[in-house]
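# Chains, contacts and geometry: an overview
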Amino acid sequence: MKRTLLLTASLLTASLTFAQTPHTLLWRISGKGINRPSYLFGTMHILCADDATLTDSLQHAIHTVDEVYFEINLSDIMGMVTAFQYMKMNDGKTLSDLLKPADYARVKAYFSSHPSPLPFSMLERFKPMLISGLIEEQGFGCATTDGMETKIMSALSQQDSKKPIRGLETAAFQAGLFDSIPYAKQAKELIDYIDSADVNKKMMRKLADLYVQQDLDGLQALSDKDDPGMDEYMDLLLYDRNRKWARILDTLLPGKSLLIAVGAGHLPGNQGVIELLRKEGYTVEPVFGNKGRSL
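Everything in this summary refers to the structure shown in the same document. Since the structure is predicted, the reported quantities are computational estimates derived from the model, not experimental observations. (Residues numbered from 1 in each chain as written. Predicted model: local features only at pLDDT ≥ 70, side-chain atom pairs only at ≥ 80, totals over all residues. Heavy atoms only, no water.)

## Things to note about the pattern of salt bridges
- Counted under the stated rule, the structure contains 16 salt bridges.
- Close ionic contact of Arg36 with Asp66 constitutes a salt bridge, the shortest N to O distance being 2.8 Å. Of the two residues, Arg36 is situated in the loop between strand 1 (26-30) and strand 2 (38-43) and Asp66 in the loop between helix 1 (56-64) and strand 4 (67-72); the sequence distance between them amounts to 30 residues.
- The class for Asp66 is partly exposed, based on a relative accessible area of 27%.
- Ionic pairing is found between Glu71 and Arg241, a salt bridge with its closest N-O pair at 3.4 Å. Taken together, the residues span a long stretch of sequence, with Glu71 in strand 4 and Arg241 in helix 12 (residues 234-252) at a distance of 170 residues. The pair Glu71 / Arg241 is uniform in exposure class, with both members buried.
- Among the charged side chains, a salt-bridge network with shared partners connects Lys32, Asp250 and Glu280. (Salt bridge = Lys/Arg side-chain N within 4 Å of Asp/Glu carboxyl O. Helix = DSSP H or I, 4+ residues; strand = E, 2+ residues; numbered from the N terminus. Buried < 20%, exposed > 50% of the residue type's maximum accessible area, 1.4 Å probe, protein only.)

## Considering the pairing of strand 1
- Pairing analysis gives 4 bridges linking strand 1 to strand 2, with the strands arranged antiparallel. Of the residues in strand 2, the one forming a bridge with Leu26 is Phe41. (Pairing = 2+ DSSP bridges.)

## Considerations on the pairing of strand 7 (residues 258-263)
- Counted residue by residue, strand 7 has 6 buried out of 6 residues, so it is predominantly covered.
- Alignment of strand 2 against strand 7, held across 5 bridges, turns out to be parallel. From the neighbouring strand, Phe41 faces strand 7, where its bridge partner is Ala261.

## Description of the packing of helix 6 (residues 128-138) against helix 9 (residues 183-195)
- Viewed as axis vectors pointing N to C, helix 6 and helix 9 meet at an angle of 20°, and their least axial separation amounts to 8 Å. Accordingly, the angle class assigned to the pair helix 6 and helix 9 is roughly parallel. By crossing handedness, the relation of helix 6 to helix 9 is classed as left-handed. On helix 9, the residues that touch Pro128, Met129, Ile131, Ser132, Ile135 and Glu136 of helix 6 are Tyr183, Gln186, Ala187, Leu190, Tyr193 and Ile194.
- Looking at the contact of helix 6 with helix 9 residue by residue, the classes come out as 9 nonpolar, 2 polar and 1 charged. (Axes fitted to C-alpha atoms, helices over the stretch in contact; angles between N-to-C directions. Parallel < 35°, antiparallel > 145°, perpendicular 65-115°, else oblique. Left-handed = near helix turned anticlockwise from the far one by under 90°. Contact = heavy atoms within 4.5 Å. Nonpolar A, V, L, I, M, F, W, Y, C, P; charged D, E, K, R; others polar.)

## Considerations on the packing of helix 9 against helix 10 (residues 197-212)
- Viewed as axis vectors pointing N to C, helix 9 and helix 10 meet at an angle of 90°, and their least axial separation amounts to 5 Å. By the angle class used here, helix 9 and helix 10 are roughly perpendicular. Packed against helix 9, whose contacting residues are Tyr193, Ile194 and Asp195, the element helix 10 presents Ala197, Asn200 and Met204 at the interface.
- Of the residues that constitute the contact of helix 9 with helix 10, the class distribution is 4 nonpolar, 1 polar and 1 charged.

## A closer look at the side chain of Arg241
- A residue is classified by how much of its surface remains accessible, and Arg241, at 4% relative accessible area, is buried.
- At a separation of 2.8 Å, a polar atom in the side chain of Arg241 contacts the side chain of Glu169. (Polar contact = N/O pair within 3.5 Å; in protein donor to acceptor, adjacent residues only side chain to side chain.)

## Structural notes on a nonpolar patch on the surface
- Side chains of Ile77, Met78 and Val81 sit close together on the surface and give an oily, nonpolar patch of about 330 Å² of accessible area.
- With respect to the helices and strands, the residue Met78 is situated in helix 2 (residues 77-83).
- Looking at Met78, the relative accessible area reads 60%, which means it is exposed. (Patch = residues over 30% accessible without salt bridge, like charges linked within 9 Å, V, L, I, M, F, W, Y side chains within 5 Å. Areas by Shrake-Rupley, 256 points an atom, 1.4 Å probe, with all protein chains shown as cover.)

## Some words on the packing of aromatic side chains
- All chains considered together, the criterion is met by 4 aromatic pairs.
- Centre to centre, the rings of Tyr110 and Phe111 are 5.4 Å apart; their planes meet at 80°, and the pair counts as edge-to-face. Across the pair, exposure class does not vary: Tyr110 and Phe111 are buried alike.
- Ring centres of Phe111 and Phe120 lie 5.9 Å apart, and the angle between their planes is 35°; this geometry places the pair in the tilted category. (Phe/Tyr/Trp six-rings, centres within 6.5 Å; stacked < 30°, edge-to-face > 60°.)

Okay, structure coming up:
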């Protein structure tokens, strides 16, 4: 479960296709009678700050589209604050209810030596997968972190005309997804992650390197290797959401030019957003920057 929060709160992806996916994260959507192209971009929610950059092709897309869609509406601060309550486990459960005393003490000790923005007394009420996400952020080993969504939001704020910012989902919906995965399983994943901290740091660096290289196939292969036991939750976390997004986008694309920026793990594969939009009748083509890179 470890990479899910970073590349879709996920880089849990569909089965690898036989053809190599071009190394780019930016894709142009045209055809099916639409007058102006839209763009699909694969994000990574957390990166070392030096790796989170916008290149010419992505900046062009930001400048020319009418609206921007993220997974959630990042301009809706009140909505995200309200969703905070959904980050907590149901029925007032805490980590101490899910773990043996020794394991609970190890988690508490970890956060004593690795401070987080939130106190442990608050974190221990969170769904364990979300706690794992905080540990992942610490695993990058860089002085400062940033995210591609944040960079896009910053670019939008610098434009003279304000473009509408919208979300394909709500923050409450995303947080609620993890209620369908047994808390005990999530807690076990959390313990396993803490026990493998050094290995996971190397994995996070590899993940970031593949993202910077815009290697969607490599990201997919790494994620499949990292989370082999999560097959039963793929529809919940990835495929059902991809299908829902494709249906929503099919109603939006004819009307306006959009930039759709979602976790890179949602893009590739037979059940990824790229292929699903093609099945809807759209032409989805890779876009490269001046140096053959779109990141």
